[in-house]
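Results of the structural survey
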Amino acid sequence: MDKLRSMEIFVAVVDAGNFTAAASAFQLSPVMVGKHIAHLEATLGARLLTRTTRRQSLTEIGAQYVEQCRAILAQIAAAESGAEAMRSVPRGRLRITAPVSFGSEWLAPAISDYLRLHPEVGVDLSLNDRMVDLVEEGYDAAVRIGALDDSGMIARPLFNYAMAICASPAYLKKHGTPRTPDDLARHECLDFMVGAVGVRWRLQSVHGLRGLRALPPSRFRTNSGQALRMAALKDFGIVMQAEVLLAQDIAAGRLKPVLCDYLPPARPMHLVYPRDRLATPKLTTFIDFIVERFGPAAALPLASSA
């Protein structure tokens with residue numbers, strides 16, 4: 001027999017004062033109620049009730065056991081009530097991962113807005129540029145850049161992840177504005193590093209996408225796009241980084257886009273989450289919020305390019 005069911009019936013028998021009333025409440029026969037009580041007594045190895053033709057009473061063990069049953073059943077009811085509430089109101093913690101540039105510049109402020117709307121939700125945001133295994137590492141959702149593999153994830157499209165090439169107006173006034181990729185040979189180019197190797201700039205040309213052999217060795221290389229942005233803002237050189245990292249500087253006039261006709265193609269960006277993830281309100285509301293904020297129709301606040 002189901003022990004929890006037997007506990008419920010035992011408590012009902014004690015509260016009602018007889019088997020017949022408890023049987024009616026559970027739509028059982030009095031004989032079946034007696035079997036549930038007998039099952040508990042056999043499990044405990046002790047009598048719970050003393051019965052006569054006129055009345056029933058709890059044994060000493062029965063009196064103690066019925067209070068324990070009440071406590072256990074109350075905890076179960078509270079757990080079920082809490083689970084039901086979590087299914088109806090966004091509540092609990094979300095674990096989200098995203099690339100560094102998009103995550104720090106755009107996703108983090110958006111999450112702040114989301115949390116203001118849903119005060120019972122918390123978010124743990126992990127920013128890194130590696131491919132995170134959502135299931136293995138326990139994440140609820142991730143922002144992914146580039147073509148998706150057939151990973152069994154549900155993917156919601158966001159705006160495309162584009163690159164921008166920029167320099168400060170002061171730098172361009174002093175060193176001139178490059179008109180073609182070959183002109184970069186005469187400029188300070190700020191290079192992004194992966195490990196100990198600089199990432200070759202790959203720009204469009206009449207022959208398609210190609211690596212620039214004319215690009216001089218960079219005097220400043222780093223694995224931080226934010227550090228390259230700061231160097232460009234200090235008038236040191238030309239930076240090629242994600243548009244999401246540079247957009248606000250472009251809009252404010254602190255950086256000026258160059259070589260716009262030679263940029264590499266934008267890559268797709270998606271919000272992904274495991275197909276079998278339980279559709280809780282905290283996750284569904286977060287997904288809907290992010291897709292509305294950063295969906296394909298969204299646009300960054302860029303100034304007109306020069």
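Model, not experiment: these values are computed from the prediction. (Residues numbered from 1 in each chain as written. Predicted model: local features only at pLDDT ≥ 70, side-chain atom pairs only at ≥ 80, totals over all residues. Heavy atoms only, no water.)

With that settled, consider the overall build of the chain. Counting its regular elements, the chain contains 10 helices and 15 strands. When the 306 residues of the chain are sorted by exposure, 42% land in the buried category. Restricting the contact set of the chain to residue pairs at least 6 apart, pairs at least 24 apart contribute 73%. (Helix = DSSP H or I, 4+ residues; strand = E, 2+ residues; numbered from the N terminus. Buried < 20%, exposed > 50% of the residue type's maximum accessible area, 1.4 Å probe, protein only. Contact = heavy atoms within 4.5 Å.)

Below, the discussion takes up the layout of surface pockets. Within this model, the largest pocket holds a volume of roughly 920 Å³. What lines the largest pocket is a set of 36 residues, and nearest its centre among them are Asp129, Tyr161, Met163, Phe192 and Arg267. Looking at the lining of the largest pocket, the elements with two or more residues in it are strand 3 (92-98), helix 5 (100-117), strand 5 (141-145), strand 8 (189-194), helix 8 (225-233) and strand 13 (238-242). Partitioned by chemical class, the residues of the lining of the largest pocket number 20 nonpolar, 9 polar and 7 charged. For the lining of the largest pocket, the domains that each give at least three residues are domain 2 (90-160 + 265-292) and domain 3 (162-255). Its volume calculated, the second largest pocket comes out at about 170 Å³. Together, 13 residues line the second largest pocket, and Met131, Val132, Arg144, Asp149 and Ser151 are the ones closest to its centre. Taken together, the residues of the lining of the second largest pocket sort by class into 8 nonpolar, 2 polar and 3 charged. (1 Å grid on protein atoms, 1.4 Å probe; cavity = no way out; pocket = protein on both sides within 12 Å on 5 of 7 lines; lining within 4 Å. Points joined across faces, edges and corners; volume = space filled by probe spheres on them. Nonpolar A, V, L, I, M, F, W, Y, C, P; charged D, E, K, R; others polar. Domains from an automatic or database assignment.)

Next up on the list: the environment of proline 181. For proline 181, the location among the structural elements is in the loop between helix 7 (169-175) and strand 8. A relative accessible area of 5% means that proline 181 is categorised as buried. In sequence terms proline 181 and leucine 203 are 22 residues apart; their C-alpha atoms lie 7.5 Å from each other.

On to the side chain of serine 218. Structurally, serine 218 is set in the loop between strand 11 (208-211) and strand 12 (221-222). Look at serine 218 and you get buried, because its relative accessible area is 18%. A polar contact is formed between the side chain of serine 218 and the backbone nitrogen of aspartate 191, at a distance of 3.4 Å. Apart from the residues lying within four places of it in its own chain, the contact partners of serine 218 are Cys189, Leu190 and Asp191. (Polar contact = N/O pair within 3.5 Å; in protein donor to acceptor, adjacent residues only side chain to side chain.)

The next point concerns the environment of aspartate 191. Structurally, the position occupied by aspartate 191 is in strand 8. Linking aspartate 191 and threonine 222, residues 31 residues apart in sequence, is a C-alpha distance of 6.7 Å.

Spatial strand order, 4-3-5-15-6: 5 strands in an open sheet with mixed pairing. Strand pairing shows two members of the sheet lacking a second neighbour, strand 4 (121-127) and strand 6 (153-157), which therefore form its edges. When the angles between neighbouring strand axes are averaged without regard to direction, this sheet yields 25°. As defined by bridge partners, strand 5 adjoins strand 15 (residues 269-274) across 4 bridges and the pair is classed as antiparallel. Directly across from arginine 144, in strand 15, lies its bridge partner histidine 270. Across the sheet, helix 5 is in contact with strand 3, strand 4, strand 5 and strand 15; its angle to strand 4 comes to roughly 175°. (Pairing = 2+ DSSP bridges. Axes fitted to C-alpha atoms, helices over the stretch in contact; angles between N-to-C directions.)

All right, on to the nonpolar core then. Ranked by size, the top nonpolar core spans 42 residues in total, and within it Phe102, Leu107, Ile290 and Phe294 carry the most contacts. It is helix 10 (residues 281-294) that provides the largest number of residues to this core, a total of 7 residues. Residues lining this core come from more than one domain, with at least three contributed by each of domain 2 (90-160 + 265-292) and domain 3 (162-255). Contacts of isoleucine 290, omitting those with residues within four sequence positions, involve Leu107, Ala110, Leu158, Leu271 and Gly295. (Core = buried A, V, L, I, M, F, W, Y, C linked by side-chain atoms within 4.5 Å.)

Here the focus is the side chain of aspartate 249. Mapped onto the elements, aspartate 249 comes out in helix 9 (residues 243-252). You can call aspartate 249 buried: its relative accessible area is 1%. In this structure aspartate 249 touches Arg229, Leu233, Arg254 and Leu255, once residues within four positions along its chain are discounted.

The quantities given are spatial measurements derived from coordinates; they are silent on function.
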